[in-house]
Amino acid sequence: MSKPRQSTLDPEDKKYLEIPDSEVVLPAAVDSYLRHKLKDQSLKECQSQVAAFADCSKDKYISVVWECRELQQLMKNCLIEYTTSDKLIDMKREWIDASKKRIYEKRLQREAELASKTESTPNK
């Protein structure tokens, strides 16, 4: 397993945020992953309501509709509270900002490599 990469940036350096969003592409796989992560987080937050509804619905078929209606509504309201589009947008923003930071670090590294090459090349 590889070690996490250490950032070469000063934590206070926020210049990477100046990179336009248009330079960062959010792949469909990442979008799907973030949606799945949001769903998992909401299920974790609403675990008690989901469990209560699941217990109520055991050994019931059609009667679950009227016998567990209140528990279903509580579960549904909790899940709706934790799966808002704003929360998904915030997760996407975090991913985009992290991508901008990686792009910025690569640019700084490339500039440093070019500077060291030009310094080491003798002038004729």
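Predicted model only: the values in this text are computed from it and were never measured.

Cut-offs used in this document
- Residues numbered from 1 in each chain as written.
- Predicted model: local features only at pLDDT ≥ 70, side-chain atom pairs only at ≥ 80, totals over all residues.
- Heavy atoms only, no water.
- Helix = DSSP H or I, 4+ residues; strand = E, 2+ residues; numbered from the N terminus.
- Buried < 20%, exposed > 50% of the residue type's maximum accessible area, 1.4 Å probe, protein only.
- Contact = heavy atoms within 4.5 Å.
- Areas by Shrake-Rupley, 256 points an atom, 1.4 Å probe, with all protein chains shown as cover.
- pLDDT = per-residue confidence, 0-100.
- Disulfide = S-S within 2.5 Å.
- Axes fitted to C-alpha atoms, helices over the stretch in contact; angles between N-to-C directions.
- Parallel < 35°, antiparallel > 145°, perpendicular 65-115°, else oblique.
- Left-handed = near helix turned anticlockwise from the far one by under 90°.
- Nonpolar A, V, L, I, M, F, W, Y, C, P; charged D, E, K, R; others polar.
- Salt bridge = Lys/Arg side-chain N within 4 Å of Asp/Glu carboxyl O.

**Student:** What is the right way to read the overall build of the protein chain from this model?
**Tutor:** Helix and strand counts for the protein chain come out as five helices and zero strands. Counting from the amino terminus, the protein chain carries its helices and strands in the arrangement α-α-α-α-α. Residue burial in the protein chain is summarised as follows: out of 124 residues, 21% are buried. For the protein chain, restricting intrachain contacts to residue pairs at least 6 apart in sequence, the fraction spanning at least 24 positions comes to 78%. Element-wise, carbon and sulfur atoms account for 54% of the exposed surface of the protein chain, whose accessible area totals about 10,100 Å².

**Student:** Whenever I open this one, the confidence of the model for the protein chain confuses me. Can you help?
**Tutor:** Detailed reading of the predicted coordinates is not advisable wherever pLDDT is low. Of all residues in the protein chain, 81% have pLDDT values of 70 or greater, and the mean over the chain is 83. Mean pLDDT across the elements of the protein chain ranges from a minimum in helix α5 (residues 85-120), with 86, to a maximum in helix α4 (residues 69-82), with 96. Note that pLDDT drops below 50 for residues 1-7; the model gives that stretch four contacts with residues more than four away or on any other chain.

**Student:** Please explain the state of the cysteines as it appears in this structure.
**Tutor:** Linking two cysteines covalently via their sulfur atoms produces the bond known as a disulfide. Applying the stated rule across the entire model yields two disulfides. With a sulfur-sulfur separation of 2.0 Å, C46 is cross-linked through a disulfide to C78. Between C46 and C78, the disulfide has an S-S torsion of -90° and is therefore left-handed. In this pair, C46 sits in the loop between α1 (28-45) and α2 (47-57) while C78 sits in helix α4, placing the two residues 32 residues apart along the sequence. Classification of C46 as buried rests on a relative accessible area of 0%.

**Student:** Quick question: what am I supposed to make of the packing of α1 against α5 here?
**Tutor:** When two helices pack together, you describe them by how their axes are tilted relative to each other and by the distance separating the axes. Orientation of α1 relative to α5, taken along the N-to-C sense of each, is 130°, at an axis distance of 10 Å. Here α1 is positioned oblique relative to α5, judged by the angle of their axes. Every pair of crossing elements has a handedness; the one defined by α1 and α5 is right-handed. Contact residues: V30, D31, L34, R35, K37, L38 and Q41 in α1; K87, L88, M91, K92 and W95 in α5. Residues belonging to the contact of α1 with α5 are distributed by class as follows: six nonpolar, one polar and five charged.

**Student:** Quick question: what am I supposed to make of the pattern of salt bridges here?
**Tutor:** When the charged atoms of two side chains with opposite charge come close together, those side chains can pair. With the rule as written, the count across this model stands at five salt bridges. When the shortest N-O distance is used, the salt bridge between D31 and K92 registers 2.8 Å. Placement of the pair is D31 in helix α1 and K92 in helix α5, with a sequence separation of 61 residues. In this structure D31 comes out as buried when scored by relative accessible area, which is 17%. Where D55 meets K58, a salt bridge forms, and the shortest distance between an N and an O atom there is 3.6 Å. Given a relative accessible area of 49%, D55 falls into the partly exposed group. The exposure class assigned to K58 is exposed, which follows from its relative accessible area of 51%. Three or more residues joined by partner-sharing salt bridges are found here, namely D31, R35 and K92.

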